[in-house]
Amino acid sequence: MSLLLGIVIAIWAISGIALIILVLMHSGKGTGLSDAFSGIQSSVGTGIIEKNLNRATIVAAIVFILSLLVLMMIWP
């Protein structure tokens, strides 16, 4: 296995695990893990938390898809 292939597989696996965790942290109707980690339910800080969680999820999804495309090109 080449070094590049190993690096791309590692990035793909880490981004996949991060994507699963980030999606599970999203709240549906006040019952998600993000509300459990935020402590007291306040409407002031939850908007910022959800916005940052959305951004992190999108970044993880983009990294996952790009690493998957690179992996498709370099797989022997």
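Figured I'd write up the structure that's included with this text. As the structure is a computational prediction, the values presented were derived from the model and not from experiment. (Residues numbered from 1 in each chain as written. Predicted model: local features only at pLDDT ≥ 70, side-chain atom pairs only at ≥ 80, totals over all residues. Heavy atoms only, no water.)

Now for the overall build of the protein chain. Each helix and strand in the protein chain was counted, giving three helices and zero strands. N-terminal to C-terminal, the α/β element order of the protein chain is α-α-α. Across the 76 residues that make up the protein chain, the buried fraction comes to 20%. In the protein chain, of all internal contacts separated by at least 6 residues, the share reaching a separation of at least 24 is 68%. As presented, the protein chain carries roughly 5,500 Å² of accessible surface, and 78% of it is formed by carbon and sulfur atoms. (Helix = DSSP H or I, 4+ residues; strand = E, 2+ residues; numbered from the N terminus. Buried < 20%, exposed > 50% of the residue type's maximum accessible area, 1.4 Å probe, protein only. Contact = heavy atoms within 4.5 Å. Areas by Shrake-Rupley, 256 points an atom, 1.4 Å probe, with all protein chains shown as cover.)

This next bit is on the packing of aromatic side chains. All chains considered together, the criterion is met by one aromatic pair. An angle of 20° between the planes, with centres 6.1 Å apart, marks the rings of Trp12 and Phe64 as stacked. A residue pair is termed long-range when its members are at least 10 positions apart, and Trp12 in helix α1 (residues 3-25) and Phe64 in helix α3 (residues 46-74) qualify at 52 residues. Classification of Phe64 by relative accessible area gives partly exposed; the value is 22%. (Phe/Tyr/Trp six-rings, centres within 6.5 Å; stacked < 30°, edge-to-face > 60°.)

Once that is clear, we can look at α1. Here α1 spans 33 Å end to end across 23 residues, near enough to the 33 Å set by a 1.5 Å rise per residue. Among all positions of α1, only Leu5, Val8, Ser15, Gly16, Leu19 and Leu22 are buried. (Expected span 1.5 Å × (residues − 1).)

The next point concerns the environment of Ala13. As for its position among the elements, Ala13 is in helix α1. Taking C-alpha positions, Ala13 is 9.3 Å from Ser67, a pair spaced 54 residues apart along the chain.

Moving on: the side chain of Thr57. Within the element layout of this structure, Thr57 appears in helix α3. Residue Thr57 is classed as buried on the basis of its relative accessible area, which comes to 12%. Excluding residues that lie within four positions of it along the chain, Thr57 makes contacts with Leu19, Leu22, Val23 and His26.

The grouping of Trp12, Ile58, Ile62, Ile65, Leu66, Leu68, Leu69, Met72 and Met73 at the surface amounts to a nonpolar patch, some 900 Å² of accessible area in total. Examining the composition of the nonpolar patch, we find that eight residues originate from one element, α3, more than from any other. Following the sequence through the fold, Ile62 ends up in helix α3. (Patch = residues over 30% accessible without salt bridge, like charges linked within 9 Å, V, L, I, M, F, W, Y side chains within 5 Å. Salt bridge = Lys/Arg side-chain N within 4 Å of Asp/Glu carboxyl O.)

When you line up the elements, Ala10 lands in helix α1. With 57 residues separating them along the chain, Ala10 and Ser67 place their C-alpha atoms 9.4 Å apart.

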